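Structural features, examined
Residues per chain are reported as follows:
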Amino acid sequence: MMTQLAKKSPFLSIMDSTLVSLPAPANISYMWNFGSLLSLCLMIQIVTGVLLACAYSSGMETSFTLLTYLMETSQKGWFIRYIHANGASLFFICMYLHIGRGLYYSSFLFMPTWFTGVMILLMTMATAFLGYVLPMNQMSYWGASVITNLFSEVPYVGKSLIQLIWGGTSVHNPTLSRFFTFHFLLPFIILALVVAHITLLHETGSNNPLGLVSNSDKIFLHPYFSIKDLLGVLFVSSLFLLFCLYYPLTLGDNENFTVADMSATPHHIQPEWYFLFAYAILRSIPNKLGGVIALLLSVLILYIPPLTTMSKMKSTSFYPLNKLIFWLFIFIFILLTWIGMRPVEPPYVLTGQILTSLYFIYFMLNPLTHKMWDNLNTFNNSPY
């Protein structure tokens, strides 16, 4: 029925080719659900963000007070803010799992789709950082001061760039106005990138757990996989609502309840949990410029796998050594997140440096072990 109506309307034709009759590999698993979950997260963040923007005023003296007033007196204001704050965590959980699945099953070989995905990650990280600053509590103020100070390492224009970002000599009202503007605009840029990401995905088709060409074994997205997506959405939404209603402050910091004080530095400055791995990498480099470069590379290195892979098979499942290396990489990522929460003192400093080295070694070692395993199998199967 939908296909018949699509012939009469260009919009319905697009909806039909995207959500109904799109051919999908028959063997994709629930690990492919995170694309739809990320779309849900983006919609939640945009809707709740627009509602919160209606009650926000960008000012050092007003932002914290107005948000507190919204939480305490507005009808369901507390619920909207907790959904938005914890929605960022859900967004990053789904995104990291989505990227992990792409690394494991070599989905990065679809290069245009992968590159737009990495760009979405970068834009999302920028948006999350800008939003973290807006409440102007103690942790957000000092977090903004520390992170924006990193731009001083840009050659020649570093100091001028910081003054442009701050709009003065320190984080103050002009800084908040700039951050609020870009925090409001970037989600719509992310939405445009998501449309491009999905369009490019439809050009190549989805990958599958075997990593094989599956043109002869594809079925319609609806109803076979739309039901699986709906089940994933209902399950994750239920857990998310349970978390927001009963444990909304679990992932926050106690300093978030203290108004920004320029004269009192928190004992331990740290970002939100989803930035802790990059923060640990930044701290592990003794040189400030080197730390900034390592911080950038910790994310930009995701552009490298499509250019360095040398494997004959796409899925890591066919490479026992690479499967082990992948799960070690996941363990290293989790440990880096934990190190980012620890104070800058022994033995955490040395541990962070070791983990940072192992983090980057993975991206160099993984393609080499792929090639080594292929050569070993070729040798074993040789008639000589």
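As a reminder, the structure under discussion sits directly above these lines.
Described below are features of the structure shown in this document. Keep in mind the model is a prediction, meaning the values are calculated, not measured.

Thresholds applied
- Residues numbered from 1 in each chain as written.
- Predicted model: local features only at pLDDT ≥ 70, side-chain atom pairs only at ≥ 80, totals over all residues.
- Heavy atoms only, no water.
- Axes fitted to C-alpha atoms, helices over the stretch in contact; angles between N-to-C directions.
- Helix = DSSP H or I, 4+ residues; strand = E, 2+ residues; numbered from the N terminus.
- Parallel < 35°, antiparallel > 145°, perpendicular 65-115°, else oblique.
- Contact = heavy atoms within 4.5 Å.
- Nonpolar A, V, L, I, M, F, W, Y, C, P; charged D, E, K, R; others polar.
- Phe/Tyr/Trp six-rings, centres within 6.5 Å; stacked < 30°, edge-to-face > 60°.
- Buried < 20%, exposed > 50% of the residue type's maximum accessible area, 1.4 Å probe, protein only.

**Here's the deal with the packing of helix α6 (residues 111-133) against helix α7 (residues 138-149)**
Helix-helix packing: each pair is described by the crossing angle between the helix axes and the interaxial distance. Two numbers describe how α6 lies on α7: the axes approach to 8 Å, and their chain directions differ by 130°. In terms of orientation, α6 lies oblique with respect to α7. In this structure, α6 uses F129, Y132 and V133 to contact α7, whose residues at the interface are M139, S140, G143, A144 and I147. Residues of the contact of α6 with α7, tallied by class, amount to six nonpolar, two polar and no charged.

**Remarks on the packing of aromatic side chains**
The tally for this structure, following the rule as stated, stands at 31 aromatic pairs. A ring pair is formed by W78 and Y82, whose centres lie 6.3 Å apart and whose planes are at 65°; its orientation type is edge-to-face. Linking W78 with Y82, this pair stays in helix α5 (residues 77-104), spanning four residues, or about one helical turn. When its relative accessible area of 32% is taken as the criterion, W78 is described as partly exposed. With relative accessibility at 16%, the residue Y82 sits in the buried group. The interplanar angle of 85° and the centroid separation of 4.8 Å between the aromatic rings of Y104 and Y105 together place this pair among those described as edge-to-face. Residue classification places Y104 among the buried positions, given a relative accessible area of 11%. Take Y105: its relative accessible area is 14%, and that puts it in the buried class. Put simply, the rings of F92, Y96, W273, Y274, F275, F277, F329, F333, Y359, F360, Y362 and F363 touch in pairs and so form one group of aromatic residues.

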